[in-house]
Structures are given as C-alpha cells and as structure tokens.
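Descriptive structure summary
Listed below are the residues making up each chain.
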Amino acid sequence: MTHGEESRRPYIVAMLVLAALFLAPCVWVWTLQLHVVQNPSGSDWRGNHEANVHFAQLTGIIAGAPSAGAMVGALVAAARRRHPGAGAATGAFLGAAALLAYGVYAFLVAFELSS
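All residue numbers refer to positions counted from 1 along the written sequence of the respective chain. With pLDDT at 70 or above as the cut-off, local features in this predicted model cover only qualifying residues; side-chain atom pairs require 80 or more to be listed or tallied, and sums for whole chains, interfaces and linings still use all residues. Values reported for side chains reflect all heavy atoms of the structure, with hydrogen atoms and water molecules removed beforehand.

1. With respect to the layout of surface pockets
Each cavity reported here is a set of points on a 1 Å grid over the protein atoms alone in which a 1.4 Å probe fits but cannot get out, each pocket an open set with protein on both sides within 12 Å along at least five of seven lines, and each lining residue one with an atom within 4 Å of a point. Grid points are joined across faces, edges and corners, and a volume is the space filled by probe spheres set on the points. Counted as a void, the largest pocket has a volume near 600 Å³. Val-29, Leu-58, Tyr-102, Gly-103 and Ala-106 are, among the 19 residues lining the largest pocket, the residues nearest its centre. Counting from the N terminus, the helices are the DSSP runs of H or I reaching at least four residues and the strands are the DSSP runs of E reaching at least two. Among the elements of the structure, helix 1 (3-38), helix 2 (45-79) and helix 3 (84-111) are those that each provide at least two residues to the lining of the largest pocket. Sorting elements by how many residues they give to the lining of the largest pocket places helix 3 first, with nine residues. Tallied by class, residues from the lining of the largest pocket come to 15 nonpolar, four polar and no charged. Gly is placed with the polar residues, together with every amino acid not listed as nonpolar (Ala, Val, Leu, Ile, Met, Phe, Trp, Tyr, Cys and Pro) or charged (Asp, Glu, Lys and Arg).

Take a look at the structure:
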C-alpha cells in the first residue's frame, strides 16, 4: 500500500460513515413499509398489491441512489485521474444526502407542516 492510498483512507472511511448515517432514516422508512408488506390485509388485495409495489420501488430507490452515486463518483474520479475509491465514497455520500433531502422534502409536502 502506497503512502497516497493510506492518506486517503480516513477520508474514504469518513464519507462512508456519513453515507451510512444519512441512510439510517431511509432504512427506518423501509422497515416501516416492510412491516406493511409482511402483514397483509385478508380482504384488501388491491391495497396489498399497492403496498408490495411501493415496497419494491422504495427498495430500488434506497439501494440505487447511493450505488449510482458511487458508480458516477468512481467514473468521474477515474476520468480526472484521481483515486476512484475516494470518488466512489464521495458519490455514495452525495447519493445518500440527496436521498435524505428528497425524503425530508417529500415529508414536508405530504404533511404540509404549518406554523
């Protein structure tokens, strides 16, 4: 391991830890939807289907946003001849941050918190 790789390690770890922290509320919402899917209604097949569709969409978004950010970050870093690991970690963090920001926005729009 070269000195350059060792000097980037704390940055990469910090970005991944921050990404995990930003994903925690998203995973909490995912577990709420999982509970709905695991306890279907005995008579509302349409509601059960919608719950399953929402769960599949939520799973794709929560897994996809940081993954897509990591891929784009690694590609941009490699194109700029930088360390792709640092770019991937930064991209994953930015994907998680964007996902959290969108979740907060969607919550505020859905519930219209008035003063």
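Next comes the rest of the account.
2. As for the packing of aromatic side chains
Any pair of Phe, Tyr and Trp rings, taking the six-membered ring for Trp, is counted once the centres come within 6.5 Å. Such a pair is stacked with planes under 30 degrees apart, edge-to-face with planes over 60 apart, and tilted for the rest. Counting across every chain of the model gives four aromatic pairs. Here Trp-30 and Phe-55 contribute two aromatic rings whose centre-to-centre distance is 5.3 Å and whose plane-to-plane angle is 35 degrees, an arrangement assigned as tilted. Pair noted here: Trp-30 is in helix 1 and Phe-55 is in helix 2, with a separation of 25 residues, a long-range link. Accessible area is worked out with a 1.4 Å probe on protein chains only. A residue is then buried under 20% of its type maximum, exposed over 50%, and partly exposed in between. Accessibility expressed as a relative area gives 16% for Phe-55, which makes it buried. With 4.9 Å between their ring centres and 50 degrees between their planes, Phe-107 and Phe-111 make a pair best called tilted. Within this pair, Phe-107 and its partner Phe-111 are both found in helix 3, separated by four residues, close to a single helical turn.

3. Re a nonpolar patch on the surface
Residues forming no salt bridge and having over 30% relative accessible area are the ones grouped into patches, like charges within 9 Å of each other and nonpolar side chains (Val, Leu, Ile, Met, Phe, Trp, Tyr) within 5 Å. Using the Shrake-Rupley algorithm and a 1.4 Å probe, accessible areas are obtained, with residue cover drawn only from the displayed protein chains. The term salt bridge refers to a side-chain nitrogen of Lys or Arg lying within 4 Å of a carboxyl oxygen of Asp or Glu. A cluster of nonpolar residues, Val-13, Val-17, Leu-18 and Leu-21, forms a patch on the protein surface that exposes about 330 Å² of accessible area. Relative to the helices and strands, Leu-21 resides in helix 1.

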